[in-house]
Amino acid sequence: MNKVLVMLANGFEEVEALTVVDYLRRTGIEVNMVSTEKDLQVEGAHGIKVIGDLMIDDIREPLNYRGVFIPGGLPGATNLRDDPRVTDLVRTLADGGKMIASICAGPIVLCKAGVIDGKKVTSYPGYARDLVGAIYKQSGNMSRRDF
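Basis of the calculations
- Residues numbered from 1 in each chain as written.
- Predicted model: local features only at pLDDT ≥ 70, side-chain atom pairs only at ≥ 80, totals over all residues.
- Heavy atoms only, no water.
- Pairing = 2+ DSSP bridges.
- Helix = DSSP H or I, 4+ residues; strand = E, 2+ residues; numbered from the N terminus.
- Contact = heavy atoms within 4.5 Å.
- Axes fitted to C-alpha atoms, helices over the stretch in contact; angles between N-to-C directions.
- Buried < 20%, exposed > 50% of the residue type's maximum accessible area, 1.4 Å probe, protein only.
- Right-handed = clockwise from strand over helix to strand, strands pointing away.
- Polar contact = N/O pair within 3.5 Å; in protein donor to acceptor, adjacent residues only side chain to side chain.

**Student:** What am I meant to see in the sheet that holds strand S6 (residues 67-70) here?
**Tutor:** Paired through their backbone hydrogen bonds, the strands of a sheet run either parallel or antiparallel. Pairing in this open sheet of five strands is parallel, and the strands run S5-S2-S1-S6-S7 from one edge to the other. Both edges of this open sheet fall to strand S5 (54-55) and strand S7 (99-102), since each of them pairs with a single strand only. Across six bridges, the pairing between strand S1 (residues 3-8) and strand S2 (residues 30-35) is parallel. Directly across from Leu-5, in S2, lies its bridge partner Asn-32. On the sheet, helix H1 (residues 14-26) packs against S1, S2 and S6 and is oriented at approximately 155° with respect to S2.

Shown next, in the form of structure tokens:
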């Protein structure tokens, strides 16, 4: 069960998504890049095309995954936020006690899924006001003990 999902929608931030995929795979964690688009190809915010490992509709047993990672990037993060399949998946994993992670604008997806209430969260500064219910921590003022 050492598998993680990385969600991809058109407009994702390439460095945020692909660095995480690379690092996790280097440590032996199986990573499935998940396309939310009409096929496996997903285009990043800077025009880099990536081929996902599976389609979101092909995930049958989400609780068999250790967790999910949501990259930022625009309009990628808003595309993920506005996809009920993504927010349902995030909610299912959170309710199952799985790891939920995001970066930059990605926390807007977690907010829409309803999984950040009372949790310490940081994001790209422009999204602080959108993370209703969270205990917002400004990224430049955090230390390890904040989490």
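Still to come is the rest of the account.
**Student:** What's the story with the pairing of S2 in this structure? I'm lost.
**Tutor:** One face of the sheet, then the other: side chains in a regular strand alternate in exactly this way. Burial within S2 is extensive, with five of its six residues counted as buried. Running through H1, the crossover from S1 to the neighbouring parallel element S2 is right-handed. By the bridge criterion, two bridges tie S2 to S5 in an arrangement that is parallel. Residue pairing across strands places Val-34 opposite Leu-54, the latter belonging to S5.

**Student:** How should the side chain of Thr-36 be read in this particular structure?
**Tutor:** With respect to the helices and strands, the residue Thr-36 is situated in the loop between S2 and strand S3 (41-43). Of the polar contacts made by the side chain of Thr-36, one reaches the backbone oxygen of Leu-8; its length is 3.1 Å. Non-local contacts of Thr-36, meaning those with residues more than four positions away in its chain, are made with Met-7, Leu-8, Ala-9, Ile-56, Leu-80, Asp-83, Arg-85 and Val-86.

**Student:** Just checking my understanding: could you explain the side chain of Asp-83 for this structure?
**Tutor:** With respect to the helices, strands and loops of the structure, Asp-83 is situated in the loop between helix H2 (76-81) and helix H3 (84-95). A distance of 2.7 Å separates the side chain of Asp-83 from the side chain of Arg-85, its partner in a polar contact.

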